[in-house]
Amino acid sequence: MSEDPSRAPTPVILGIDDLRPLPRATRIARTSGDGIRLLHEHRDRFVDELWLDHDLGGDDSILPVLTVLEEAAFDGRPFRIGTIFVHSANPIGADTVVRSLTRWNYRVRRATA
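Residues numbered from 1 in each chain as written. Predicted model: local features only at pLDDT ≥ 70, side-chain atom pairs only at ≥ 80, totals over all residues. Heavy atoms only, no water.

What to know about the pairing of strand β4 (residues 81-86)
Argument step 1. The buried fraction of β4 amounts to five of the six residues, a majority that puts the element mostly inside the structure.
Argument step 2. Sheet topology places strand β3 (residues 47-52) next to β4; five bridges connect them, and they run parallel. Counterpart to V47 in the pairing with β4 is I81.
Argument step 3. Taken together, β3, helix α2 (residues 63-74) and β4 constitute a β-α-β crossover, and its handedness is right-handed. (Buried < 20%, exposed > 50% of the residue type's maximum accessible area, 1.4 Å probe, protein only. Helix = DSSP H or I, 4+ residues; strand = E, 2+ residues; numbered from the N terminus. Pairing = 2+ DSSP bridges. Right-handed = clockwise from strand over helix to strand, strands pointing away.)

Here you go:
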């Protein structure tokens, strides 16, 4: 069955956050490992929005996900993401994420979820 051309496609909104519900997200990962898997599942698709929390509970953080995004950009194949929103309550961690991803030409914004 073909898609109705008069309907806009559903935006792809991914979230990586251990606690927040992120009601606009189409998929949510609760750990950095699940977040990396989620990104790889969408590797060849356009992601409209990616919501990132810095602290993911216990010793887990968004840093392994950040590494995947940075390495992809370094290799000349950045993930195709409209906007990355960083909504962490950790201001120093959030600033690190924003600076790192901005350096690799991702469109990044600080936000509240």
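Right, picking up where we left off after that structure.
Some remarks on helix α1 (residues 32-41)
Argument step 1. Of the residues making up α1, those classed as buried are S32, G35, I36, L38 and L39. Viewed along the axis of α1, the buried residues span an arc of 160°, placing them on a single side of the element.
Argument step 2. For α1, the elements touching its buried residues are β1 (13-16), β2 (27-29), β3 and α2. (Arc of directions from axis to C-beta. Contact = heavy atoms within 4.5 Å.)

Here's the deal with the side chain of E49
Argument step 1. For E49, the location among the structural elements is in strand β3.
Argument step 2. Apart from the residues within four sequence positions on either side, E49 is in contact with V12, I13, L14, R24, T83 and F85.

Details of unusual backbone geometry
Argument step 1. The phi angle at L22 is positive, at roughly 45°, despite the residue not being glycine.
Argument step 2. One non-glycine residue, N105, lies in the positive phi region at around 70°.
Argument step 3. Of note, N105 is situated in the loop between α3 (91-103) and β5 (108-110).

A closer look at the pattern of salt bridges
Argument step 1. Under the definition given, this model contains seven salt bridges.
Argument step 2. Between R20 and D53 there is a salt bridge, and its shortest N-O distance comes to 3.2 Å. One end of the pair, R20, is in the loop between β1 and β2; the other, D53, is in the loop between β3 and α2, with 33 residues separating them in the sequence.
Argument step 3. Residue classification places R20 among the partly exposed positions, given a relative accessible area of 23%.
Argument step 4. For D53, a relative accessible area of 5% gives the class buried.
Argument step 5. R37 is the salt-bridge partner of D34, the closest N and O atoms lying 2.5 Å from each other. Highlighted residues: D34 and R37, both in helix α1, separated by three residues, approximately one helical turn.
Argument step 6. Residues joined in a network through salt bridges with shared partners are D17, R20 and D53. (Salt bridge = Lys/Arg side-chain N within 4 Å of Asp/Glu carboxyl O.)

These figures capture arrangement, not role.
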